[in-house]
Amino acid sequence: MNKKRKAGKERRRDRLTPLPEHIIHHILSFLDTRSAVQTSVLSRSWRSAWKYVPALHFNQYSFQHYSSFHLYVRKVLSLRHPLNLSTVKFVDDECRSDGRDDSLVIRVIQYALSHDAQHLVIYHGNDITSADIYRFSDLFGSISNCDLKVLVLDGFDLDSGFGSPHGFRMLTNLILEACMVAGQDLEPFSNFPCLQHLVLSDFQDERNCSMKIYGLELLSLKLHTVCFSSIDIDVPKLEFLSIWDDEVEMGYLSFSNLSLPSLQHADIRLHGDLDCIEETKEYMMPQLIYLFQGLHNAKSLKLYEDTTIPVLSKFCGYLEDEPSPFQRLESLILDSEAESVPYELINYFLKESSCASPNIQYISTPG
């Protein structure tokens with residue numbers, strides 16, 4: 001009986017112990033760092049494995065008290081083996097500036113940059129007020145020749161330090177959520193020569209100024225609730241554009257220029273109070289026409305039943321008499337039932353298409 005028990009224990013142990021170290025590190029890289037550390041009890045070979053994992057994921061939601069989170073992050077950074085990192089993600093639920101410890105965020109950022117992290121995420125867990133957002137320069141300091149490829153920031157005031165000409169020269173992916181910028185005639189992304197994918201969500205200027213988006217290598221752009229007096233987009237290689245406006249009747253998403261010669265697909269979500277739109281549609285119509293004219297190179301276009309289609313249906317009488325700019329359109333994708341889309345709307349988008357048989361595709365996205 002004792003021999004059988006011993007053999008059983010050996011078999012159970014062998015399921016973990018023989019794994020190569022690089023496989024163990026790869027497995028742990030998918031876990032929250034706290035969970036990764038807890039795996040040290042699984043076997044002798046896993047005892048220090050977490051120290052060599054190329055990814056750090058700190059999430060304040062995993063801790064009952066902020067002070068415990070604070071101590072844990074600092075302890076992990078002090079004990080981890082000084083190898084280079086691939087990813088650092090820091091989620092802080094303490095959004096009030098008088099309650100959080102900014103020195104902890106600074107420590108995490110400095111650690112990530114000094115260990116050549118390629119992917120950095122600094123994220124607030126809750127909605128924050130303008131008084132509580134992070135100031136970029138306070139946390140990042142003076143950035144020079146940073147090797148980051150992917151940067152995700154939530155809840156930041158992007159002051160002059162963000163656009164430093166010697167900062168994020170290698171950055172290819174940038175996601176900014178609940179961020180603010182300040183200035184006049186802003187060009188916040190002009191010093192990102194390698195930028196290919198840009199997402200701006202709940203992004204605004206506190207002085208209601210204009211913004212220019214220019215990028216020689218930019219391939220995809222998502223604008224979700226972006227508030228500026230006007231937006232100038234001049235992107236020669238852009239292939240994908242997503243526009244999402246939650247209050248279209250307010251005119252927050254106003255374009256002064258749309259130069260998109262390589263555009264392949266446009267994804268449009270326009271949402272608003274239909275009663276207000278009915279009252280202001282004469283004012284909105286020129287902006288809408290200008291938007292469509294800027295998208296004229298698109299080969300495919302996607303509209304949504306829960307947002308865009310009800311809004312555009314208010315303009316059918318106007319669009320019916322307008323020439324359509326979509327001469328290259330090959331596919332109209334409607335996230336809707338067929339009977340929900342007015343014929344006049346479909347006709348507007350396809351009537352000038354040079355495609356002999358443009359495709360109309362009805363799909364239904366799960367709720």
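Being a predicted model, the structure only gives us computed values, none of them experimental.

(A) View of the pairing of strand β7 (residues 173-177). Side-chain alternation along β7 places Leu174 and Leu176 on a buried face and Asn173, Ile175 and Glu177 on a face that remains uncovered. Alignment of strand β5 (residues 150-154) against β7, held across five bridges, turns out to be parallel. Among the inter-strand pairings, Val152 is bridged to a residue of β7, identified as Ile175.

(B) Expanded view of the nonpolar core. By size, the foremost hydrophobic cluster in this structure holds 102 residues, and its most contacted members are Phe140, Phe189, Phe203, Ile213 and Phe349. If one sorts the elements of this core by residue count, helix α7 (residues 274-294) sits on top with seven residues. Discounting residues that sit within four places of it in the chain, Ile213 has contacts with Phe189, Leu198, Leu200, Leu218, Leu221, Leu223, Ile231, Asp232, Ile233, Asp234 and Val235.

(C) Representation of the sheet that holds strand β12 (residues 230-234). Taken together, the three strands give an open sheet; going across it, the order is β10-β12-β14, and neighbouring strands pair in parallel fashion. With one partner strand each, in any of the chains shown, β10 (210-214) and β14 (255-259) form the two edges of the open sheet. The average undirected angle you get between the axes of adjacent strands in this sheet is 10°. Taken together, the five bridges between β10 and β12 define a ladder with parallel strand orientation. Paired with Tyr214 across the bridge in β12 is Asp234.

(D) Structural detail: the packing of aromatic side chains. Overall, the coordinates contain 22 aromatic pairs when judged by the stated rule. Ring geometry for Phe136 and Phe168: centres 6.2 Å apart, planes at 70°, overall edge-to-face. Here Phe136 is found in helix α6 (residues 136-140), whereas its partner Phe168 is found in the loop between β6 (156-158) and β7, with 32 residues between them in sequence. The exposure class of Phe136 is buried, given its relative accessible area of 0%. For Phe168, a relative accessible area of 2% corresponds to the buried category. Joined through ring pairs, the aromatic side chains of Tyr134, Phe136, Phe140, Phe156, Phe162, Phe168, Phe189, Phe192, Phe203 and Phe228 make up one cluster. The side chain of Arg34 reaches across the aromatic face of Phe63, ending 4.3 Å from its centre. Over the face of the ring belonging to Tyr304 we find Arg269, whose NZ or CZ atom lies 3.6 Å from the ring centre.

Criteria and thresholds
- Residues numbered from 1 in each chain as written.
- Predicted model: local features only at pLDDT ≥ 70, side-chain atom pairs only at ≥ 80, totals over all residues.
- Heavy atoms only, no water.
- Buried < 20%, exposed > 50% of the residue type's maximum accessible area, 1.4 Å probe, protein only.
- Helix = DSSP H or I, 4+ residues; strand = E, 2+ residues; numbered from the N terminus.
- Pairing = 2+ DSSP bridges.
- Core = buried A, V, L, I, M, F, W, Y, C linked by side-chain atoms within 4.5 Å.
- Contact = heavy atoms within 4.5 Å.
- Axes fitted to C-alpha atoms, helices over the stretch in contact; angles between N-to-C directions.
- Phe/Tyr/Trp six-rings, centres within 6.5 Å; stacked < 30°, edge-to-face > 60°.
- Lys NZ or Arg CZ within 6 Å of the ring centre and 35° of its normal.

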